[in-house]
Amino acid sequence: MASPYPPKIGKRALVTGITGQDGSYLAELLLGKGYEVYGMVRRSSSFNTKRIDHIYQDPHEPDVRLRLVYADLADGSSLNQLVKSIRPDEIYNLGAQSHVRVSFDIPEYTSDITGLGCIRLLDAIRETEVTCRFFQASSSEMYGKVLETPQTERTPFYPRNPYGYAKAFAFYATRNYREAYNMFAVNGIMFNHESPRRGETFVTRKITRGVGRIAAGLQECLYLGNLSARRDWGFAGDYVQAMWLMMQAEKPDDYVIATGETHSVREFCELAFDLAGMPVAWRGDDLQEVGVDKAGKVRVRIDPRYFRPAEVDALQGDASYARKALGWTPTVNFKGLVRMMVEADVALAREEAT
């Protein structure tokens, strides 16, 4: 049967998770490089395209280069049909149930979509015999209870949550398909990466969203969990550049993508309030701690419900190999990232207040 899609006008990429933070930045990058981009979405009664609305074109235009197509990582037959019909040059698997805390509540679903979804995509490539390159978005959560610091491509995994072990499964599946079937399949071990497009339930965006709403008088207090957890935070726009570079390499391999710096949730929170002109001071112990402003108003409270059953205390990546092999380097530092997010969320809250 003939493909329902038009003939190629350039390189063609299929992106799962295109409506997420990383998917939207990657779509922008690929379109800027002349790609045709096919973004995979699940059928739903609502259209969750807010992050890509600014680049989404009328699908009836003759020169459209961004198309949304329906399939599901839980449905291997839909993936086979999609790969066979589109015949992409590159596939970026960014789709996942990606919220770590939620993964404890729905471990089976997380394992199915985040872990087995990768297998279904890899098998779609193998079964259709489409020649393409495959990128798997792996995660620093695979390191979990870290066995060495900083973490490199050779550091053993010790995942501490369902999301982490589902990602570890997908990592090894990608490596195995590369070795067993001679596929160009790469893993990007992505450390935490944030932006103003981050989902509001993730701690960094929860902080900057709360700061913006407090500044606008729409909210009085921000509720957080473990302030001591330390992460290696970078800018999502930098990290999708690394994804693309991996796919252009001469040989497939696995790469850590990170800034090499680590900061605590407390530091992120303090900096966000400082940048909004509302510095906070801390009082109390680890479980009863509060952050108060100059007027003595409580702006941050600790809520034990946000603590994970098994915590990952600290993550810090060593991206030396990616810097050397790919020429990749982050362009946005920690303060610049927090400033970017705070400014965007302060502006958003002001709009909501009018």
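Described in the following lines is the structure provided in the data block. All values reported here derive from a predicted model rather than from experimental measurement. (Residues numbered from 1 in each chain as written. Predicted model: local features only at pLDDT ≥ 70, side-chain atom pairs only at ≥ 80, totals over all residues. Heavy atoms only, no water.)

Paired through their backbone hydrogen bonds, the strands of a sheet run either parallel or antiparallel. Spatially, the 7 strands line up as an open sheet ordered S3-S2-S1-S4-S5-S6-S11, and their pairing is parallel. Each edge of the sheet is formed by a strand with only one pairing partner; in this case those strands are strand S3 (66–70) and strand S11 (254–257). The sheet shows a mean angle of 20 degrees between the axes of neighbouring strands, direction not considered. Across the sheet, helix H2 (residues 76–86) touches strand S1 (12–16), strand S2 (36–41), S3 and strand S4 (90–93), and the angle it forms with S1 is around 160 degrees. (Pairing = 2+ DSSP bridges. Helix = DSSP H or I, 4+ residues; strand = E, 2+ residues; numbered from the N terminus. Axes fitted to C-alpha atoms, helices over the stretch in contact; angles between N-to-C directions. Contact = heavy atoms within 4.5 Å.)

This model, assessed by the stated rule, comprises 13 aromatic pairs. Here Tyr25 and Phe235 contribute two aromatic rings whose centre-to-centre distance is 5.5 Å and whose plane-to-plane angle is 75 degrees, an arrangement assigned as edge-to-face. A residue pair is termed long-range when its members are at least 10 positions apart, and Tyr25 in helix H1 (residues 21–32) and Phe235 in strand S10 (residues 234–235) qualify at 210 residues. Take Tyr25 and Phe235: they sit in the same class, and that class is buried. One aromatic cluster in this structure is built from Tyr143, Phe157, Phe171, Tyr172 and Phe191. (Phe/Tyr/Trp six-rings, centres within 6.5 Å; stacked < 30°, edge-to-face > 60°. Buried < 20%, exposed > 50% of the residue type's maximum accessible area, 1.4 Å probe, protein only.)

The next point concerns the sheet that holds strand S13 (residues 281–283). Taken together, 4 strands build an open sheet; the order of strands is S8-S15-S14-S13 and the sheet is mixed. Each having just a single partner strand, strand S8 (222–224) and S13 make up the two edges of the open sheet. Each neighbouring strand pair of the sheet contributes to a mean axis angle of 25 degrees, computed without reference to strand direction. The sheet contact formed by S13 and strand S14 (residues 290–292) spans 3 bridges and is antiparallel. Its bridge partner being in S14, Trp282 is matched across the sheet by Gly291.

Turning our attention to the pairing of strand S6 (residues 184–190). The buried fraction of S6 is high, at 7 of 7 residues. Of the two faces of S6, the one carrying Phe184, Val186, Gly188 and Met190 and the one carrying Ala185, Asn187 and Ile189 are both buried. Two elements, strand S5 (residues 133–139) and S6, share 7 bridges in a ladder whose sense is parallel. Pairing of Ser138 across the sheet is with Ile189, part of S6. Bridge count for S6 against S11 is 4 bridges, and the pairing is parallel. Directly across from Asn187, in S11, lies its bridge partner Asp254.

With that settled, the discussion passes to the nonpolar core. One recurring pattern in soluble globular proteins is that nonpolar side chains are buried together. Within the largest apolar cluster, 66 residues are counted, with the highest numbers of intra-cluster contacts made by Tyr92 and Phe135. At 9 residues, helix H7 (residues 236–248) tops the list of elements feeding residues into this core. Those residues in contact with Tyr92 that lie beyond four places of it in its chain are Ala13, Leu14, Val15, Thr16, Leu26, Leu30, Phe135, Met243, Trp244, Met247 and Gln248. With 25 residues, the next largest nonpolar core counts Met40, Leu79, Cys118 and Phe134 among its residues. (Core = buried A, V, L, I, M, F, W, Y, C linked by side-chain atoms within 4.5 Å.)

Our focus in this paragraph is helix H10 (residues 334–353). Counted at 1.5 Å a residue, the expected span for H10 with its 20 residues is 28 Å, and the 29 Å between its end C-alpha atoms agrees. Every buried residue of H10 is listed here: Phe334, Leu337, Val338, Met341, Val342, Asp345, Val346 and Ala349. Looking down the long axis of H10, one finds its buried residues gathered within 155 degrees of arc, a one-sided arrangement. Residues of H10 that are exposed and point over 90 degrees away from its buried face: Arg350 and Glu351. Summarising the contacts, the buried residues of H10 are in contact with strand S7 (193–194), helix H6 (203–215), S10, strand S12 (263–264) and helix H8 (265–275). (Expected span 1.5 Å × (residues − 1). Arc of directions from axis to C-beta.)

For the bond from Thr149 to Pro150, the omega torsion is 0 degrees, close enough to zero to count as cis. Mapped onto the secondary structure, Pro150 falls in the loop between S5 and helix H5 (162–181).

To continue, consider the pairing of S1. Most of S1 is tucked away: 5 of the 5 residues are buried. Side chains Arg12, Leu14 and Thr16 project from S1 onto one buried face, and the interleaved Ala13 and Val15 project onto a second face that is buried too. The pairing of S1 with S2 spans 5 bridges and is classified as parallel. Following the sheet pairing, Thr16 is matched in S2 by Met40. Taking the sense of rotation as the criterion, the β-α-β connection linking S1, H1 and S2 turns out right-handed. As judged from the 4 bridges shared by S1 and S4, these two strands associate in the parallel manner. (Right-handed = clockwise from strand over helix to strand, strands pointing away.)

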